[in-house]
Amino acid sequence: MECNQQENLKNCNCTYPCDKKGKCCECIKYHLSRNELPACCFPDEVEKTFDRSIAKFVEINS
Ligand code: SF4
């Protein structure tokens, strides 16, 4: 199966320098292992703080 990295990048709002951009399977695996969610789960104002914790996600959606 081919990777959709270039297509995925069109929907990536991540501003952190990272080699997982567009590799959504690697991205979500990495963040879930840290009790976090990927950048695209957060609005831009929160994304740029790099706080990707599940606690932050719950806070902004409560
Ligand atoms: S959300 Fe995290 S893993 Fe995904 S590209 Fe950004 S910094 Fe990398």
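Just so it is clear, the structure is predicted and the values come from calculations on it, not from any experiment.

Considering the environment of Phe57
Thinking step 1. Here Phe57 is to be found in helix α4 (residues 54-60).
Thinking step 2. Given the relative accessible area of 29%, Phe57 is considered partly exposed.
Thinking step 3. When the C-alpha atoms of Phe57 and Cys3 are compared, they prove to be 28 Å apart, with 54 residues separating the residues in sequence.
Thinking step 4. Those residues in contact with Phe57 that lie beyond four places of it in its chain are Leu37, Cys41 and Phe42.

Thoughts on the packing of aromatic side chains
One pair of aromatic rings is described through two measures. These are the centre distance and the angle between the planes.
Thinking step 1. Inspection of the entire model under this criterion finds 2 aromatic pairs.
Thinking step 2. Arranged with centres 5.0 Å apart and planes meeting at 85°, the rings of Tyr16 and Phe50 form a pair that is edge-to-face. Here the residue Tyr16 occupies a position in the loop between α1 (5-9) and α2 (24-32), and Phe50 occupies one in the loop between α3 (44-47) and α4, the gap between them amounting to 34 residues.
Thinking step 3. A residue is classified by how much of its surface remains accessible, and Tyr16, at 43% relative accessible area, is partly exposed.
Thinking step 4. Ring geometry for Phe42 and Phe57: centres 6.1 Å apart, planes at 90°, overall edge-to-face. Placement of Phe42 in the loop between α2 and α3 and of Phe57 in helix α4 is noted, with a sequence separation of 15 residues between them.
Thinking step 5. Of the residues examined, Phe42 reaches a relative accessible area of 3% and is grouped as buried.
Thinking step 6. Stacked on the ring of Tyr30, the Lys or Arg Lys20 has its end atom at 4.6 Å from the ring centre.

Thresholds applied
- Residues numbered from 1 in each chain as written.
- Predicted model: local features only at pLDDT ≥ 70, side-chain atom pairs only at ≥ 80, totals over all residues.
- Heavy atoms only, no water.
- Helix = DSSP H or I, 4+ residues; strand = E, 2+ residues; numbered from the N terminus.
- Buried < 20%, exposed > 50% of the residue type's maximum accessible area, 1.4 Å probe, protein only.
- Contact = heavy atoms within 4.5 Å.
- Phe/Tyr/Trp six-rings, centres within 6.5 Å; stacked < 30°, edge-to-face > 60°.
- Lys NZ or Arg CZ within 6 Å of the ring centre and 35° of its normal.

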